[in-house]
Amino acid sequence: MKLATPHTSSISRKVIMAGTGLFLTLFLIVHLGLNATILANDGGGLFDRTADLLRHNWGLHGLEILVWGGFIVHIWQGASLTLGNQSKRSTPYAVSAGTSFDPARWMGLLGAIVLAFLILHLYQFWLPNLLGTAAADLSAQMQSTMNQWWVVIIYGLGCLAVAAHLVHGWRSAMVTLGIADRYRQWLTVAGTILAIVVPLGLAAIPIALFTSHAPL
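Sequence order as written defines the numbering, with residues in each chain counted from 1. The predicted nature of this model means local features are confined to residues of pLDDT at least 70 and side-chain atom pairs, given and counted, to a pLDDT of 80 or more, with totals for whole chains, interfaces and linings taken over all residues. Excluded from the side-chain calculation are hydrogens and water; included are all heavy atoms of the structure.

Enquirer: What is the right way to read the overall build of the protein from this model?
Expert: Helix numbers and strand numbers start at the N terminus; a helix is a DSSP run of H or I with at least 4 residues, a strand a run of E with at least 2. Helices and strands together make up the secondary structure of the protein, namely seven helices and zero strands. In the protein, the succession of α and β elements from N to C terminus is α-α-α-α-α-α-α. Taken over 216 residues, the protein has a buried fraction of 33%. The contact criterion used throughout is that any non-hydrogen atoms of two residues lie within 4.5 Å. In the protein, of all internal contacts separated by at least 6 residues, the share reaching a separation of at least 24 is 75%. Where accessible areas are quoted, they stem from the Shrake-Rupley method and a 1.4 Å probe; at the residue level, only the protein chains shown are allowed to cover. When the accessible area of the protein is evaluated, it comes to approximately 13300 Å², of which 71% is carbon and sulfur surface. Per-residue accessibility, obtained with a 1.4 Å probe over protein chains only, is compared with the maximum for each type, and a residue is labelled buried under 20%, exposed over 50%, and partly exposed between these values.

This is the structure:
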């Protein structure tokens, strides 16, 4: 039996990161579509019906478990890769990166911001639903939560961190998964657009609710 070397172990972790990252990106697209129903001109009715469907559909609860598993594995592997890279770098970079922002250099910090944002989101919406304390009219609860300016700011910053994280993550995934050069260029462009549009769409919803543009 051939034992895994640190190099192959690192590659395996990157492949797992890429796979779970793509899966979670798909989840974000679905999440955006579901959340966007609150902007329908029906007093939140479509959003509440959708939320009620999710609460009572055991098949969707099974998918929720997969999403949770994807988050846990992605976070664990990301932290492992970040700490491993830092431990291998005994000396700092000889040339300073200056003040330019390179997501590749800040993936650890961006991941931590995304995790903090995720914890807040779960505390405000998922945990009450799990404990059975969530309001029956979830659209009203969402409107009430997003009427707080500091919540909107945190959600906006969190979504920006998600966008930066996805832009670099998508590009890295194309390399890790060995996508051929003739496909990689347009997939990178399409993925970059997606990585920016989806988080900005998620950020636009609380902003719309806060500014009373949503008809609730």
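Enquirer: Help me understand the packing of helix 6 (residues 149-176) against helix 7 (residues 181-210), please; the structure alone is not making it clear to me.
Expert: Helix 7 packs onto helix 6 with a crossing angle of 170 degrees between their chain directions and a minimal axis gap of 9 Å. Regarding the angle of helix 6 to helix 7, the classification is roughly antiparallel. Charged means Asp, Glu, Lys or Arg here, nonpolar means Ala, Val, Leu, Ile, Met, Phe, Trp, Tyr, Cys or Pro, and polar covers whatever is left, Gly included. By residue class, the composition of the contact of helix 6 with helix 7 is 22 nonpolar, four polar and two charged. Note on geometry: axes are C-alpha line fits, over the in-contact stretch for helices, and angles between N-to-C directions span 0 to 180 degrees. Comment on the angle field: the value is read as roughly parallel under 35 degrees, roughly antiparallel over 145, roughly perpendicular from 65 to 115, and oblique elsewhere.

Enquirer: Looking at this structure, how should I read the nonpolar core?
Expert: Soluble, globular proteins show a tendency: their nonpolar side chains are buried together. The set of buried Ala, Val, Leu, Ile, Met, Phe, Trp, Tyr and Cys residues whose side-chain atoms join them within 4.5 Å is what this entry labels a nonpolar core. Formed by 23 residues in total, the largest nonpolar core has its most connected members in Met142, Met146 and Tyr155. Residue assignment for this core shows that the elements contributing at least two residues are helix 1 (6-35), helix 2 (45-56), helix 4 (107-131), helix 5 (138-145), helix 6 and helix 7.

Enquirer: Even after reading the chapter, I still don't get a nonpolar patch on the surface, so can you show me in this structure?
Expert: Judged by side-chain polarity, Trp149, Trp150, Ile153, Ile154, Leu157, Leu160, Ile196, Leu200 and Phe210 come together as a nonpolar surface patch covering roughly 860 Å² of accessible area. For the nonpolar patch, the secondary structure elements donating two or more residues are helix 6 and helix 7. Looking at which element gives the most residues to the nonpolar patch, the answer is helix 6, with six residues. Locating leucine 157 in the fold gives a position in helix 6. Residues form patches when they are more than 30% accessible in relative terms and have no salt bridge. Like charges link within 9 Å. Nonpolar side chains (Val, Leu, Ile, Met, Phe, Trp, Tyr) link within 5 Å. For this analysis, a salt bridge means a side-chain nitrogen from Lys or Arg found within 4 Å of a carboxyl oxygen belonging to Asp or Glu.

Enquirer: Quick question: what am I supposed to make of the packing of aromatic side chains here?
Expert: Aromatic rings considered in pairs are described by the distance between their centres and by the relative angle of their planes. Aromatic rings from Phe, Tyr and Trp, taking only the six-membered ring of Trp, are treated as a pair when their centres fall within 6.5 Å; an angle between ring planes under 30 degrees marks them as stacked, one over 60 as edge-to-face, and anything in between as tilted. Across all of its chains, the model carries two aromatic pairs by this definition. Summarising the aromatic geometry, the rings of phenylalanine 27 and phenylalanine 71 are spaced 6.1 Å apart at their centres and angled 85 degrees between planes, so their arrangement reads as edge-to-face. Note that phenylalanine 27 is positioned in helix 1 and phenylalanine 71 in helix 3 (residues 58-88), a separation of 44 residues in sequence. For phenylalanine 27, a relative accessible area of 27% gives the class partly exposed. What makes phenylalanine 71 buried here is its relative accessible area of 18%. Between the aromatic rings of phenylalanine 117 and tyrosine 155, the centroid separation amounts to 5.1 Å while the plane-to-plane angle is 90 degrees, which identifies the pairing as edge-to-face. Placement of the pair is phenylalanine 117 in helix 4 and tyrosine 155 in helix 6, with a sequence separation of 38 residues.

Enquirer: Is there a simple way to think about the packing of helix 2 against helix 5 in this case?
Expert: When two helices pack together, their arrangement is given by the angle between the helix axes and the distance between those axes. Relative orientation of the contacting elements helix 2 and helix 5 amounts to 110 degrees, with a least axis distance of 8 Å. Between helix 2 and helix 5, the crossing angle belongs to the class labelled roughly perpendicular. Contact with helix 2, carried on its side by Phe47, Asp48, Ala51 and Arg55, involves Leu138, Ser139 and Met142 of helix 5 and no other residues of that element. Class assignment for the residues of the contact of helix 2 with helix 5 results in four nonpolar, one polar and two charged.

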